[in-house]
Amino acid sequence: SGRAELEEWNSLTALSRRSAWIPEIMVEITLGDVVINLTRGLVLKGNVPVVLPNRDHSLLLYLAANAGRVISKEELLKNVWGNRIVEDSAIARTIS
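On a predicted model such as this, the values are computed, not experimentally measured, just so you know.

Points about the overall build of the protein chain
- A tally of regular secondary structure across the protein chain gives 4 helices and 4 strands.
- Each helix (α) and strand (β) of the protein chain, taken in turn from the N terminus, gives the series α-β-β-β-β-α-α-α.
- Buried positions account for 30% of the 96 residues belonging to the protein chain.
- In the protein chain, 33% of the contacts between residues at least 6 apart in sequence involve partners at least 24 apart.
- For the protein chain, the exposed surface amounts to about 6800 Å²; the carbon and sulfur share of it is 57%.

This is the structure:
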């Protein structure tokens, strides 16, 4: 169906954007029973895929790929929101 193709296109587009900021040596991050596979863009909890809204998913992957460093709002806007105009409340809501 057209919707499935659009979702697949969106996923591929998001993956290509993500690959620009994922360090090549970093593949997976494990936090307890949660595994974040940065290369494949997967989040697993106890080996079960976790489905997140697109923005939440992109934010989680970006923060995980940049663990241990301070990330500015401008950097988040550029890499997660694609430089769109976003209100601070929307950013705070996604992070919380």
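Some remarks on the sheet that holds strand E4 (residues 48–49)
- One open sheet accounts for 4 strands, arranged E1-E2-E3-E4; its pairing is antiparallel. Every interior strand has two partners, whereas the edge strands, strand E1 (28–31) and E4, have only one.
- Here 2 bridges tie strand E3 (residues 42–45) to E4, and the two strands are oriented antiparallel to one another. Its bridge partner lying in E4, Lys45 is registered against Val48.
- On top of the sheet, helix H2 (residues 54–65) reaches E1, strand E2 (34–37) and E3; it is set at about 90° to E2, its chief contact.

Quick notes on H2
- Its 12 residues place the ends of H2 16 Å apart at the C-alpha level, agreeing with the 16 Å of an ideal helix rising 1.5 Å per residue.
- Inspection of H2 places His57, Ser58, Leu59, Leu61, Tyr62, Ala64 and Ala65 among the buried residues, and these make up the whole buried set.

Comments concerning the nonpolar core
- Leu59, Tyr62, Ile71, Leu76, Leu77, Val80, Trp81, Val86, Ala90 and Ile91 form the largest nonpolar core, which has 10 residues in total.
- Counting 6 residues, the second-largest nonpolar core is a separate cluster that includes Ile29, Ile36, Leu61 and Ala65.

Here is what the cut-offs are and how they apply
- All residue numbers refer to positions counted from 1 along the written sequence of the respective chain.
- Totals for whole chains, interfaces and linings use all residues, but because this is a predicted model, local features are given only for residues with pLDDT of at least 70 and pairs of side-chain atoms are given and counted only at 80 or more.
- Note that the side-chain values use all heavy atoms of the structure and ignore hydrogens as well as water.
- By the criteria applied, helices consist of DSSP H or I runs no shorter than four residues and strands consist of E runs no shorter than two, each listed in order from the N terminus.
- Per-residue accessibility, obtained with a 1.4 Å probe over protein chains only, is compared with the maximum for each type, and a residue is labelled buried under 20%, exposed over 50%, and partly exposed between these values.
- The contact definition used throughout considers only heavy atoms, calling two residues in contact when any of these lie within 4.5 Å.
- Using the Shrake-Rupley algorithm and a 1.4 Å probe, accessible areas are obtained, with residue cover drawn only from the displayed protein chains.
- Paired strands, in this sense, are two strands between which DSSP finds at least two bridges.
- Structural elements are reduced to axes, namely lines fitted to C-alpha atoms, with helices fitted over the stretch in contact, and the angle between N-to-C directions of any two is expressed from 0 to 180 degrees.
- To estimate how far a helix should reach, multiply one less than its number of residues by 1.5 Å.
- What is meant by a nonpolar core is a set of buried Ala, Val, Leu, Ile, Met, Phe, Trp, Tyr and Cys residues, joined one to another through side-chain atoms within 4.5 Å.

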